[in-house]
Amino acid sequence: MSINKIEHIGIAVSNLDASEKLFSQLLGCEPYKREEVASEGVITSFFLLGDIKIELLAATNENSPIAKFIEKKGEGIHHIAFDTANITNTLSEKSQQGFQLINATPKDGADNKQIAFLHPKSTNSVLVELCQDK
Ligand code: ZN
């Protein structure tokens, strides 16, 4: 089986400080880390609930994919990330199955992961992230 479980759900937010407060209150726990992914123009904040994470994503510049997402659709659920034991194999399997890849090869993501996205055009408009622990 190539997909193990939901690893995290990514939520696009405009103001990271305000949303950290909001989600701390909602979930009853504090974020365990903040991490910037400079290559993506995002700063992330992670909450852990059981073994599933909530990832808040805020743009650090106007060309960030998160800035563009919020401009188009407003704040909200941005992507679902699935854990996979071997991201390279899973990517080639999904490609063979006809899914459209945004990233043909994995790249460095937040929280010590290798990540790659599938195009929402091929997944009922859900942006899907595949990830694997480094
Ligand atoms: Zn993510």
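Residues numbered from 1 in each chain as written. Predicted model: local features only at pLDDT ≥ 70, side-chain atom pairs only at ≥ 80, totals over all residues. Heavy atoms only, no water.

1. Some remarks on the environment of isoleucine 70
Here is the rule: Going along the chain from the N terminus, every DSSP run of H or I of four or more residues is numbered as a helix, and every run of E of two or more is numbered as a strand.
Secondary-structure assignment places isoleucine 70 in helix H2 (residues 65–73). Once the C-alpha coordinates of isoleucine 70 and alanine 58 are considered, the two residues, 12 residues apart in sequence, prove to be 9.4 Å apart.

2. A few points about the coordination of the zinc ion
Stated formally: A 2.8 Å cut-off from the metal defines N, O and S donors, relaxed to 3.2 Å for Na, K and Ca; water is not in the atom list, so some sites may appear incomplete. Site shape is set this way: if four donors have all angles between 85 and 135 degrees, tetrahedral; if opposite donors are over 155 degrees apart and all others between 65 and 115, square planar for four donors and octahedral for six; otherwise irregular. Throughout, exposure labels follow a simple rule: accessible area from a 1.4 Å probe, protein chains only, divided by the maximum for the residue type, with under 20% read as buried, over 50% as exposed, and the rest as partly exposed.
The protein atoms that coordinate the zinc ion are His8 (NE2), Glu55 (OE), His79 (NE2) and Glu129 (OE), at distances spanning 2.1 to 2.2 Å. Here the zinc ion binds four donor atoms, and the angle range of 83 to 165° at the metal identifies the geometry as irregular. Look at where the donors of the zinc ion fall in the sequence and you get H-x46-E-x23-H-x49-E. On the criterion of sequence distance, the pair formed by histidine 8 in strand S1 (residues 5–12) and glutamate 55 in strand S4 (residues 52–59) is long-range, its members being 47 residues apart. Residue classification places histidine 8 among the buried positions, given a relative accessible area of 3%. Taking the relative accessible area as the measure of exposure, glutamate 55 reaches 6% and is therefore buried.

3. Re the pattern of salt bridges
Put simply, the rule reads: Every case where a carboxyl oxygen of Asp or Glu lies within 4 Å of a side-chain nitrogen of Lys or Arg is listed as a salt bridge.
Enumeration according to the criterion identifies 12 salt bridges in this entry. A salt bridge links lysine 5 to aspartate 51; the shortest N-O distance between them is 3.3 Å. Remark: aspartate 51 occurs in the loop between strand S3 (42–49) and S4 and lysine 5 occurs in strand S1; sequence separation between them is 46 residues. Residue lysine 5 is classed as partly exposed on the basis of its relative accessible area, which comes to 29%. Aspartate 133 is the salt-bridge partner of lysine 113, the closest N and O atoms lying 2.4 Å from each other. Of this pair, lysine 113 sits in strand S7 (residues 113–118) while aspartate 133 sits in strand S8 (residues 128–133), and the two are 20 residues apart along the sequence. With relative accessibility at 48%, the residue aspartate 133 sits in the partly exposed group. Linked by salt bridges that have partners in common, Glu7, Lys33, Glu35, Lys53, Asp111, Lys113 and Asp133 make up one network.

4. Description of the environment of serine 19
Selection rule: We call two residues in contact when some of their heavy atoms are within 4.5 Å.
With respect to the helices and strands, serine 19 occurs in helix H1 (residues 16–27). Taking C-alpha positions, serine 19 is 33 Å from asparagine 86, a pair spaced 67 residues apart along the chain. Setting aside anything within four residues of it in sequence, one finds serine 19 in contact with Val13, Leu56 and Glu75.

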